Amino acid sequence: MTAPAVPVYDCSDPDARIEGLAAAARAVRAGQLVVLPTDTVYGLGCDAFSSTAVRSLLAAKHRGPDMPVPVLVGSWSTIDGLVLGVPATARSLIEAFWPGGLSLVLPHAPSLSWDLGSTKGTVMLRMPLHPVALELLREVGPMAVSSANISGRPPASTAAEALDQLASSVALYLDGGPSGDPVASTIVDLTGKQPRILREGAVTRAQVSEVVGQDVPLG
């Protein structure tokens, strides 16, 4: 018996985009997985507060909880309810680079009931520069989002590539066309006394250092 085809919504068509975003919002609220375009590569996402959904995400990627899942947000202000506190350094970086290719690691609010993997009390947050992603995030709230690929295989730069790898483990696919340059976000760790760059990507170390007002080390 042939498995039913997984819906793929062409977001370049206004009607399909509206229909797809509504379907994606329902799927996320129901604890299912969706594939969405971002400004880097395609993402595999779910409700950040559903531990069952996050476990499904890790299973779809064939990945364990040792690599925690990042969280995408749809606005600057969303971060306030997710972290223990937002230091001035974080505010400056957010104002300079969000939405865009900068991820921030901060201590998460202890009151939050989520399980993103072995986070050791931290969360990695980013606001993507993609209209489809932002619209979905603003509708459903923070989403746990990892690259839409099976671990060890290349990240998907199109919905078709994501579908080829993840198939029916996902409820639906939002096709936003080819992603931009597949450059990973820069990750800045703000959990210690001094900021440090864990990974240099779309935003350079020099740009981060300029905003912070001091030389930010890499590693």
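Above this text sits the structure in question.
About the cut-offs
Residues numbered from 1 in each chain as written. Predicted model: local features only at pLDDT ≥ 70, side-chain atom pairs only at ≥ 80, totals over all residues. Heavy atoms only, no water. Buried < 20%, exposed > 50% of the residue type's maximum accessible area, 1.4 Å probe, protein only. Helix = DSSP H or I, 4+ residues; strand = E, 2+ residues; numbered from the N terminus. Arc of directions from axis to C-beta. Contact = heavy atoms within 4.5 Å. Pairing = 2+ DSSP bridges. Patch = residues over 30% accessible without salt bridge, like charges linked within 9 Å, V, L, I, M, F, W, Y side chains within 5 Å. Areas by Shrake-Rupley, 256 points an atom, 1.4 Å probe, with all protein chains shown as cover. Salt bridge = Lys/Arg side-chain N within 4 Å of Asp/Glu carboxyl O. Lys, Arg positive; Asp, Glu negative; His and termini not counted. Charge placed at Lys NZ, Arg CZ, Asp CG, Glu CD. Axes fitted to C-alpha atoms, helices over the stretch in contact; angles between N-to-C directions. Parallel < 35°, antiparallel > 145°, perpendicular 65-115°, else oblique. Left-handed = near helix turned anticlockwise from the far one by under 90°. Nonpolar A, V, L, I, M, F, W, Y, C, P; charged D, E, K, R; others polar.

Chemist: Just to check I follow, could you spell out helix α3 (residues 88–97) for this structure?
Modeler: Residues spaced three or four apart along an α-helix point in a common direction, a consequence of the helix completing one turn every 3.6 residues. Among all positions of α3, only Ala90, Leu93, Ile94 and Phe97 are buried. Seen along its axis, α3 keeps its buried residues to an arc of 100°; they face one direction. The outward face of α3, more than 90 degrees from its buried face, is lined by the exposed residues Ala88 and Glu95. Looking at the buried positions of α3, the neighbouring elements they touch are β5 (102–107), β9 (186–189) and α6 (205–212).

Chemist: I'm lost on the sheet that holds β5 in this one. Help?
Modeler: Strands in a sheet are paired, the pairing made by backbone hydrogen bonds, and the direction either parallel or antiparallel. If you trace the 10 strands from one edge of the open sheet to the other, you get β1-β8-β2-β3-β7-β4-β6-β5-β9-β10, paired in mixed fashion. Two strands bound the open sheet, and with one partner strand each, they are β1 (8–10) and β10 (196–199). Relative to β9, β5 runs parallel, the two being bridged by 4 bridges. Each bridged residue has a counterpart across the sheet, and for Val105 the counterpart in β9 is Asp189.

Chemist: Which parts of the structure should I look at to understand a negative patch on the surface?
Modeler: Judged by side-chain charge, Asp10, Asp13, Asp15 and Glu19 come together as a negatively charged surface patch. Among the secondary structure elements, Asp13 is positioned in the loop between β1 and α1 (14–29). When its relative accessible area of 33% is taken as the criterion, Asp13 is described as partly exposed.

Chemist: Help me understand the packing of α3 against α6 in this model?
Modeler: Between two packed helices, both the angle of their axes relative to each other and the distance between the axes serve to describe the pair. Two elements in contact, α3 and α6, have axes whose closest approach is 9 Å; the angle formed by their N-to-C orientations is 125°. Comparing their axes, α6 and α3 come out oblique. Remark: the crossing between α3 and α6 carries right-handed chirality. Together, Thr89, Ser92, Leu93, Ala96 and Phe97 of α3 and Gln207, Val208, Val211 and Val212 of α6 make up the contact between the two elements. When grouped by side-chain class, the residues that make up the contact of α3 with α6 number 6 nonpolar, 3 polar and no charged.

Chemist: What is the right way to look at helix α4 (residues 131–140) in this model?
Modeler: Burial in α4 covers these residues: Val132, Ala133, Leu134, Leu136 and Leu137. Elements in contact with the buried residues of α4: α1, β2 (34–36), β4 (71–72), β7 (143–147) and β8 (172–175). Once α4 ends, the next one or two residues include Gly141, with phi positive near 90°.

Just geometry here; none of it tells us what the structure is for.
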